[in-house]
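Listed below, chain by chain, are the residues.
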Amino acid sequence: MGLEYDDVTDFVHVAIPTRRPGLDRTTPRIIIPAPGNHLPICFEIPVSGGQIVKLLEDPSAGIVVRGEVMSRRVRAFQKLGIWYNEEFHIVATPSSVSLTNNHTLIARWWSWPAANYTSGSVSLAVVDTVLEVTLGSTVLEVLRHRVRHKDFLWLKIKDHAFGSQASGLTGEFGASVSYTETTTSPTTASISINIKGVSLNAQRISTVDYGSRVKASEECWLLEGGGRGLLQPMSQYLVSEL
């Protein structure tokens, strides 16, 4: 069966946007690039602490990425789990990294700088506070940050050819998305946009991008209602284990 791919991406990542003037560092949102439009889109993830969400599942590449949310107060990831070909399993926390192969522990590093591994098409390498994971032709970055005296993890899909069956909060959008602005309000910075035939209200917000090593700022259209109508019900993204 032939596989269809979208463009390779260097930008899909999870970010924490915030409305001006204060910085809301507690509500994780997904940001999706829209290179043919003025701004990317972003949306909230309405989950509670301890819940595990599916970020990417791509059968064509054999890759699954899941994240466990810290708490209702700090909705950042306390763990990220990465599967490759149902064989390799990487689990990262802010303080350690472990790697198993066919459920056999290969290595556990109790400090990030020590995490270094290469075998065939799988490699792990740490530069400062970024764990770079290479799985075949896919490159993922796990970034470690701190807010309110708590360390947390964030995901960036640095390089990946999305298959036609890719799913998950980031996966189902592929490398990017396009939309049409249907109405604009010159006074409230709010618009109505159409994505994949679905009309949604959106508000322009400023973003602290934790998918960036330097936490760069950018702006995006925040989809109201968590993207309801565009996304599947949130229960479809919840899983029981990393």
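Calculation rules
Residues numbered from 1 in each chain as written. Predicted model: local features only at pLDDT ≥ 70, side-chain atom pairs only at ≥ 80, totals over all residues. Heavy atoms only, no water. Helix = DSSP H or I, 4+ residues; strand = E, 2+ residues; numbered from the N terminus. Contact = heavy atoms within 4.5 Å. Areas by Shrake-Rupley, 256 points an atom, 1.4 Å probe, with all protein chains shown as cover. Pairing = 2+ DSSP bridges. Disulfide = S-S within 2.5 Å. Buried < 20%, exposed > 50% of the residue type's maximum accessible area, 1.4 Å probe, protein only. Salt bridge = Lys/Arg side-chain N within 4 Å of Asp/Glu carboxyl O. Polar contact = N/O pair within 3.5 Å; in protein donor to acceptor, adjacent residues only side chain to side chain. Phe/Tyr/Trp six-rings, centres within 6.5 Å; stacked < 30°, edge-to-face > 60°. Lys NZ or Arg CZ within 6 Å of the ring centre and 35° of its normal.

**Student:** Quick one: what's the story with the overall build of the chain, residue by residue and with numbers?
**Tutor:** Scanning the chain from N- to C-terminus turns up 0 helices and 19 strands. Long-range pairs, those at least 24 residues apart, make up 49% of the contacts in the chain with a sequence separation of at least 6. Accessible surface for the chain amounts to roughly 11200 Å². Of this, 47% is attributable to carbon and sulfur atoms.

**Student:** Mind laying out the pairing of strand S16 (residues 190-195), listing which residues take part and the relevant values?
**Tutor:** Inspection of the sheet shows S16 paired to strand S17 (residues 198-208) by 6 bridges, in the antiparallel sense. By the bridge assignment for S17, Ile 195 is matched with Val 198. Between S16 and S17, which pair antiparallel and follow one another directly, the connecting turn spans 2 residues, one of which, Lys 196, has a positive phi of 55°.

**Student:** Break down the state of the cysteines for me, citing the residues and quoting the values.
**Tutor:** Under the counting rule described, the total for this entry stands at 1 disulfide. Residue Cys 42 pairs covalently with Cys 220 via a disulfide, S to S 2.2 Å. With the S-S dihedral at roughly 70°, the linkage between Cys 42 and Cys 220 falls on the right-handed side. One end of the pair, Cys 42, is in strand S3 (residues 41-44); the other, Cys 220, is in strand S18 (residues 217-223), and 178 residues separate them in sequence. We classify Cys 42 as buried; its relative accessible area is 0%. When its relative accessible area of 0% is taken as the criterion, Cys 220 is described as buried.

**Student:** Describe in detail the environment of Ala 202, supporting the description with residues and values.
**Tutor:** Assignment of secondary structure puts Ala 202 in strand S17. Excluding its chain neighbours within four sequence positions, the residues that come into contact with Ala 202 are Ala 189, Ser 190, Ile 191, Ile 193, Trp 221, Leu 222, Leu 223 and Glu 224.

**Student:** Break down the pattern of salt bridges for me, citing the residues and quoting the values.
**Tutor:** Here the structure, examined in full by the defined rule, presents 6 salt bridges. For Glu 57, the salt bridge is made with Lys 54, and the minimal N-O distance between the two is 3.7 Å. Given a relative accessible area of 28%, Glu 57 falls into the partly exposed group. Judged by relative accessible area, Lys 54 falls into the buried class, the value being 14%. Among the ionic pairs, Glu 141 bridges to Arg 213, the shortest N-O distance being 2.9 Å. One end of the pair, Glu 141, is in strand S13 (residues 138-147); the other, Arg 213, is in the loop between S17 and S18, and 72 residues separate them in sequence. Residue classification places Glu 141 among the buried positions, given a relative accessible area of 4%. One salt-bridge network, in which partners are shared between bridges, spans Glu 132, Glu 141, Lys 158 and Arg 213.

**Student:** Give me the side chain of His 160: which residues, what numbers.
**Tutor:** Here His 160 shows up in the loop between strand S14 (150-159) and strand S15 (180-185). Residue His 160 is classed as buried on the basis of its relative accessible area, which comes to 0%. A distance of 2.8 Å separates polar atoms of two side chains, one belonging to His 160 and the other to Asp 58. Side-chain polar atoms of His 160 contact the side chain of Thr 138, separated by 2.6 Å.

**Student:** I'd love a proper account of the pairing of strand S5 (residues 63-69), names of residues and values included.
**Tutor:** Within S5, 7 of the 7 residues are buried, leaving the element largely enclosed by the surrounding structure. Neither face of S5 is exposed, since Ile 63, Val 65, Gly 67 and Val 69 on one face and Val 64, Arg 66 and Glu 68 on the opposite face are all buried. Where strand S4 (residues 52-58) lies against S5, 6 bridges are found, and the strand directions are antiparallel. Residue pairing for S5: Val 53 is matched across the bridge by Gly 67. The antiparallel pairing of S4 with S5 creates a hairpin that spans 4 residues between the two strands, and Gly 62 there sits at a positive phi of about 70°. Relative to strand S6 (residues 77-84), S5 runs antiparallel, the two sharing 7 bridges. Paired with Val 69 across the bridge in S6 is Phe 77.

**Student:** Before we move on, can you summarise the packing of aromatic side chains with the specific residues and values?
**Tutor:** The final tally for this structure, using the stated rule, is 3 aromatic pairs. Look at Phe 152 and Trp 154: their rings are 5.4 Å apart centre to centre, the planes differ by 80°, and that puts the pair in the edge-to-face class. This pair shows no difference in class: Phe 152 is buried, exactly as Trp 154 is. Connected via pairs of aromatic rings, a cluster forms that spans Phe 77, Phe 152 and Trp 154. Positioned over the ring face of Trp 112 is Arg 144, at 4.9 Å from the centre of the ring.

This is a description of form; function is not addressed.
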